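These are the residues of each chain, in order.
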Amino acid sequence: MKTEKPLSLYNSLTRRKEVFVPADPQRVTMYVCGPTVYNFAHIGNARPAVVFDVLARLLKRLYPHVVYARNITDIEDKIIAAAREQGVEIGVITDKYADIYRKDMGELGVMVPDVEPKATDSIAEMISMMERLIAAGHAYAAEGHVLFNVPSDAAYGVLSGRDRDDMIAGARVEVAPYKKDAADFVLWKPSTPEQPGWDSPWGRGRPGWHIECSAMIEKHLGETIDIHGGGIDLQFPHHENELAQSRCAHGGAALARFWLHNGFVNIEKEKMSKSIGNVLLVHDLIKETPGEAIRLALLNGHYRQPLDWTAEGLTQSVRMLDRLYGALRGLSDVKSEATHDAIPAAFWEALLDDLNTPKALAELFALAKAANTETDPGTRAQLKAALLGSGQMLGLLAHDAEEWFAGAGTATHIEAEEVEALIAARNAARKAKDFKEADRIRDALAEKGVQIEDGPQGTSWRVAS
RNA sequence: GGCCUCGUGGCGGAGUGGUUACGCGCCGGACUGCAAAUCCGUUUACCCCGGUUCGAUUCCGGGCGAGGCCUCCA
């Protein structure tokens, strides 16, 4: 890397940007809250997957050993409801949607995390943690439930910056009678015979939401991890509760040193919600748009800012990729592989500055411009290596340029051989100065959605968009 | 009501106490048989009102506006 700048990240816990130094540079740990698998992932679910994928790529450049865990929540009441509706076991639902999630995120260029723990594989660890919490006086059993006693934790509220009284004043849900304190939350709840459940010291039941992440982090990563990520909507109550449980179970050891939260995705200026009916599923988007363009649209804004998803924005992203791939196509005569050493300092510094992907993209465009004007073969080879290397850090530009322009990832299907034949016929006509015929063929190609580009090295083509 | 974000040019979106962000779009020019791509150039910015300052889009205060969270999962 051509920079001495350290990685700084905005830590939600301290509400400021801090230089990131891992507790153990030989083993950097990151955990991100993954999907609850009862339905297709929407674009809001895709944002953290993409954002933390970029962070994971960066961390892996900086440190020799990074363990990135992203969980699968496969026991939850919505899953139970979906399974009952369809008359199947919850595993049928969760396996199906976990597979779809992996495939859809793969389309967005999201790498598979190093560990992908499932909640149902960690029930024993959850029970162990609850027993420790009870023994330490931070949790109690009541009517088949296990509850975390919020007043027992003086530090509760550090992450979301709210105190217990505020929360109770704002509570809009009736307090269950078995709670010792209105702020207490459920770690374990009883299951009816029809509901899925596991035997526990408190009877047959199932975990509450927050305990799973605490248990999986402890099991796979350790007591204190370097980075915990997720959507801003999870900051409270989910992360606050997770943090409290883990700290209390670990004698005060912090759960995570850095907490990172990505902003929300709105749809055409409106909140995405089922009632508005504007929930955009990744599964549907990738049917008509290259996943790479969706990824770019998500990275075109800073991860902490709210992102307004629009059809026009997605179109712009496709155009941006046209430009980048256009530069790569222009470099098709030079042989270069993605090289991280070739990446300019400004690009690294953008990413190192709290993952400033918009700035990093600007540097990518600077490389594209340089590539379009440079004539020196050695420099062009360097530029190509830099373009591919930078793209790789962002999870972009992994396609072959010709593939991109041939419509990779779009619904359009073009017969390349037919196109080539027509181009040859047109060029013959051009050579004969029969421009009328040449234009007729070009129009015919345009009908098929093919755009012609005459260059010094011959004629190339692309799927028109 | 409490806590917290944000308000940049036609659009998306960085950043900064005084210097071109970048991309998309538009317009003009070069190139081209004509286009497309590419290159060159132009174009429109920092919500409002105070304050600090030699100077604020950038810092502080107030206002207006948009959004998020406020517990057992919508």
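Keep in mind it's a predicted model, so treat the numbers as computed, not measured. (Residues numbered from 1 in each chain as written. Chains lettered and ligands numbered in written order. Predicted model: local features only at pLDDT ≥ 70, side-chain atom pairs only at ≥ 80, totals over all residues. Heavy atoms only, no water.)

## Considerations on the overall build of chain A
- Broken down by element type, chain A carries 16 helices and 15 strands.
- Viewed in the frame of its principal axes, chain A has a C-alpha envelope of about 90 × 55 × 35 Å.
- Put simply, chain A has 465 residues, and 51% of those count as buried.
- Of the accessible surface of chain A, which amounts to about 20900 Å², a share of 50% is contributed by carbon and sulfur atoms.
- Side-chain charges of chain A comprise 52 positive and 66 negative groups, with the mean position of each set lying 3 Å from the other. (Helix = DSSP H or I, 4+ residues; strand = E, 2+ residues; numbered from the N terminus. Buried < 20%, exposed > 50% of the residue type's maximum accessible area, 1.4 Å probe, protein only. Areas by Shrake-Rupley, 256 points an atom, 1.4 Å probe, with all protein chains shown as cover. Lys, Arg positive; Asp, Glu negative; His and termini not counted. Charge placed at Lys NZ, Arg CZ, Asp CG, Glu CD.)

## Quick word on the protein's contact with RNA strand B
- Of all residues adjacent to RNA strand B, which total 52 residues, the nearest are K78, K179, V186, W209 and R442.
- Near the protein, meaning within 4 Å, the atoms of RNA strand B are sugar or phosphate in a fraction of 60%, with bases accounting for the rest.
- The contact in question runs from a base nitrogen of RNA strand B to an N or O atom on the backbone of A183, over 3.2 Å.
- Contacts to RNA strand B include N372, whose side-chain N or O atom sits 3.2 Å from a phosphate oxygen.
- In terms of residues, the surface near RNA strand B owes the most to one element, helix α12 (residues 357-373), which gives seven residues. (Near = heavy atom within 4 Å. Polar contact = N/O pair within 3.5 Å; in protein donor to acceptor, adjacent residues only side chain to side chain.)

## Things to note about the sheet that holds strand β11 (residues 265-267)
- If you trace the three strands from one edge of the open sheet to the other, you get β12-β11-β13, paired in mixed fashion. In the strand order of this sheet, the two ends are held by β12 (270-271) and β13 (307-309), each with one partner.
- Here β11 runs beside β13; their pairing, made up of three bridges, is parallel. Each bridged residue has a counterpart across the sheet, and for V265 the counterpart in β13 is L307. (Pairing = 2+ DSSP bridges.)

## Observations concerning the layout of surface pockets
- Empty space within the largest pocket amounts to approximately 1200 Å³.
- Of all the secondary structure elements, the ones that give two or more residues to the lining of the largest pocket are α1 (43-62), α3 (90-107), α6 (209-220), β9 (225-231) and α7 (235-249).
- When grouped by side-chain class, the residues that make up the lining of the largest pocket number 22 nonpolar, 14 polar and six charged. (1 Å grid on protein atoms, 1.4 Å probe; cavity = no way out; pocket = protein on both sides within 12 Å on 5 of 7 lines; lining within 4 Å. Points joined across faces, edges and corners; volume = space filled by probe spheres on them. Nonpolar A, V, L, I, M, F, W, Y, C, P; charged D, E, K, R; others polar.)

## Some words on the packing of α1 against helix α9 (residues 291-299)
- Where α1 contacts α9, the two axes come as close as 10 Å, and the packing angle between them is 80°. It follows that α1 is roughly perpendicular to α9 by the angle criterion. Along the contact surface, α1 presents I43, A46, R47, V50, D53, V54 and R57, while α9 presents I294, R295, L298 and L299.
- Grouping the constituent residues of the contact of α1 with α9 by class yields seven nonpolar, no polar and four charged. (Axes fitted to C-alpha atoms, helices over the stretch in contact; angles between N-to-C directions. Parallel < 35°, antiparallel > 145°, perpendicular 65-115°, else oblique. Contact = heavy atoms within 4.5 Å.)

## A short note on the pattern of salt bridges
- In total, this model carries 31 salt bridges according to the counting rule given.
- For K78, the salt bridge identified is with E76, shortest N-O distance 3.4 Å.
- On the basis of relative accessible area, K78 is assigned to the partly exposed category, the value being 37%.
- A salt bridge links D322 to R462; its shortest N-O distance comes to 3.3 Å. Highlighted residues: D322 in helix α10 (residues 311-330) and R462 in strand β15 (residues 458-463), separated in sequence by 140 residues.
- Counted as one network, the salt bridges with shared partners bring together R319, D322, R329, E402, E453 and R462. (Salt bridge = Lys/Arg side-chain N within 4 Å of Asp/Glu carboxyl O.)

## What about the sheet that holds strand β7 (residues 185-190)?
- Read from one edge of the open sheet, four strands run β5-β6-β7-β8, paired in antiparallel fashion. Unpaired on one side and paired on the other, β5 (139-142) and β8 (205-207) mark the two borders of the sheet. Neighbour-to-neighbour, the strand axes of the sheet open up by a mean angle of 20°, direction not taken into account.
- Across four bridges, the pairing between β5 and strand β6 (residues 145-148) is antiparallel. In the strand pairing of β6, A141 is matched with V146.
- On the sheet, helix α4 (residues 123-135) packs against β5, β6, β7 and β8 and is oriented at approximately 125° with respect to β7.

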